[in-house]
Amino acid sequence: MPRIVKSGLIQMSLPLSEGEGTIAEIMEAMVQKHIPLIEEAGRQGVQILCLQEIFNTPYFCPGQDKAWYASAEAVPGPTTDRMAEYAKKYNMVMIVPIYEREAAGFLYNTAAVIDADGTYLGKYRKNHIPHTSGFWEKFFFKPGNLGYPVFQTKYAKVGVYICYDRHFPDGARVLGLNGAEIVYNPSATVAGLSQYLWKLEQPAHAAANGYFMGCINRVGTEKPWNLGKFYGTSYFVDPRGQIFAQASEDNDELLVAEFDLDEIDEVRATWQFFRDRRPETYEKLVEL
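With an unreviewed UniProt entry as reference, the protein is termed Acyltransferase, source organism Hymenobacter cellulosivorans.

J.: Could you clarify how one ought to interpret the packing of helix α3 (residues 169-177) against helix α5 (residues 201-209) in this entry?
T.: How two helices pack is summed up by the angle between their axes together with the distance between the axes. One way to put it is that α3 packs onto α5 with a least axis distance of 10 Å and a crossing angle of 40°. The pairing of α3 with α5 is recorded here as oblique in orientation. Of the two possible hands of crossing, α3 and α5 adopt the one that is right-handed. In this structure, α3 uses P169, A172 and R173 to contact α5, whose residues at the interface are H205, A208 and N209.

J.: Can you help me understand the pairing of strand β3 (residues 93-103) in this one?
T.: Successive side chains on a regular strand alternate, one facing one side of the sheet and the next facing the other. In terms of residue burial, β3 counts as a mostly covered element, since eight of its eleven residues are buried. The sheet contact formed by strand β2 (residues 48-50) and β3 spans three bridges and is parallel. Pairing of I48 across the sheet is with V93, part of β3. Pairing of β3 with strand β4 (residues 106-114), which is carried by nine bridges, proceeds in the antiparallel orientation. If you follow Y99 over to β4, its bridge partner there is N109. Linkage of β3 to β4, two consecutive antiparallel strands, is achieved through a turn of two residues, within which G105 is found at a positive phi near 85°.

J.: How do you make sense of the packing of aromatic side chains when you look at a structure like this?
T.: Two aromatic rings are characterised by how far apart their centres lie and by the angle between their planes. For the structure shown, the criterion picks out 21 aromatic pairs. On the basis of an interplanar angle of 70° and a centroid distance of 5.4 Å, the ring pair of Y164 and F168 is categorised as edge-to-face. Where F212 meets F259, the ring centres are 4.5 Å apart and the plane angle is 25°; that geometry is what we call stacked. Of this pair, F212 sits in strand β11 (residues 212-217) while F259 is found in strand β16 (residues 253-260), placing the two residues 47 residues apart along the sequence. Exposure class is identical for F212 and F259. Each is buried. Taken together, the ring pairs connect F60, W68, Y69, Y99, F139, F140, F141 and W225 into an aromatic cluster. Positioned over the ring face of Y108 is R125, at 4.0 Å from the centre of the ring. Lying across the ring of F230, R218 places its NZ or CZ 6.0 Å from the centre.

J.: Before we go on, may I ask you to explain the nonpolar core in this structure?
T.: Buried together is how nonpolar side chains tend to be arranged in soluble globular proteins. If you look at the biggest cluster of nonpolar residues, it comprises 43 residues, and the most contacted ones within it are I48, I95, I182, Y184, F236 and L261. Element by element, the count of residues in this core is highest for β11, at four residues. Residues contacting I95, with those up to four places away along its chain left out, are I48, L49, C50, L51, A111, A112, V113, V158, V160 and Y184. In terms of nonpolar packing, the next biggest core, distinct from the first, is built from 25 residues, I10, I38, M83 and I98 among them.

J.: In this structure, what is going on with the pattern of salt bridges? I would like to understand it.
T.: It is possible for side chains bearing opposite charge to pair when their charged atoms get close. With the rule as written, the count across this model stands at 20 salt bridges. Of the charged contacts in the structure, one is a salt bridge between E249 and K229, with a shortest N-O distance of 3.5 Å. Remark: K229 occurs in the loop between β12 (219-220) and β13 (230-231) and E249 occurs in the loop between β15 (243-246) and β16; sequence separation between them is 20 residues. For K229, a relative accessible area of 31% translates into the label partly exposed. Residue D276 is joined to R275 by a salt bridge in which the shortest nitrogen-to-oxygen separation is 2.7 Å. The structure contains a network of salt bridges with shared partners spanning E100, E102, K123 and R125.

Definitions and cut-offs
- Each chain carries its own residue numbering, running from 1 in the written order of its sequence.
- Whole-chain, interface and lining totals are the exception, using all residues; otherwise, since this is a predicted model, local features are given only for residues with pLDDT of at least 70 and side-chain atom pairs are given and counted only at 80 or more.
- Just so you know, side-chain values use all the structure's heavy atoms and leave hydrogens and water out.
- The angle between two axes is taken between their N-to-C directions and runs from 0 to 180 degrees, where each axis is a line fitted to C-alpha atoms and a helix contributes only its stretch in contact.
- What counts as a helix is a DSSP run of H or I of at least four residues, what counts as a strand is a run of E of at least two, and both are numbered from the N terminus.
- Orientation labels follow simple angle bins: below 35 degrees gives roughly parallel, above 145 gives roughly antiparallel, 65 to 115 gives roughly perpendicular, and whatever is left gives oblique.
- Here a crossing is taken to be left-handed if its near helix is turned anticlockwise relative to the far helix by less than a right angle, and right-handed if that turn runs clockwise.
- Here, two residues are considered to be in contact whenever any of their heavy atoms come within 4.5 Å of each other.
- Only protein chains enter the accessibility calculation, which uses a 1.4 Å probe; a residue is then buried when its area is under 20% of its type maximum, exposed when over 50%, and partly exposed in between.
- Strands qualify as paired when DSSP identifies two bridges or more between them.
- Only centres within 6.5 Å qualify two rings of Phe, Tyr or Trp (six-membered ring in Trp) as a pair; their planes then separate them into stacked at under 30 degrees, edge-to-face at over 60, and tilted for everything else.
- Over a ring means this: the NZ of a Lys or the CZ of an Arg is within 6 Å of the ring centre and within 35 degrees of the ring normal.
- Only buried residues count toward a nonpolar core, which is a set of Ala, Val, Leu, Ile, Met, Phe, Trp, Tyr and Cys residues joined through side-chain atoms within 4.5 Å.
- The salt bridge criterion pairs a side-chain nitrogen of Lys or Arg with a carboxyl oxygen of Asp or Glu, the two atoms within 4 Å.

See the structure below:
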């Protein structure tokens, strides 16, 4: 029998920004704006839903204001518990990216994975942290320290890569070696910086490793930082590197697509990505 999965991605613009409410009010407004699309995903029978990078805040990294430390929370914690109710209600796996506070001074860019019965399965912490071109992320995040986990959900084996991670093929390969069938990359990236790479790197990861990817980018501009336009264009790509569903550049949107996980077997039987790799030939390079 075909292994058909229906998956969804939500790209969203900011309803309130800095100066238009308290941090708590801004966060709640963003959650409230997401809820109708989360419920629409449930009504459409979406089985795996992924939200955008730190979905419930502005992408505050163009500034260096420590006030935003207050938006970090425990994972699992209040927001993951809240999202778990929707996961359970709709029998829907959810990938929920939020700002994580492990302890004072230990803050991470994290994505929680919640199974279809509302069970918290674990989390991925963004490993590669940029500090360049207006994204001053090292001011806000420690590098991830959980490796590249893959989560066995009700519907598929799921891995997560977050935004800037996509520039590094190493973790994408490890996710494949760890058994990922779908890798989700929630992102926040603006036009003029790396838009040309948006449709290059992730299809390359999918093709090089023989898995599906769901790639999410927020939309709109965010005051007071005004770094540029978040250009959306969220998409799904198959194990051959072909984009088969894509959202707009400008609109708040739920993108839904169905695909057959058996395609992974077909592609890997042809190309044998993992059988034919030769790690012993580059072990010494890794030691450098």
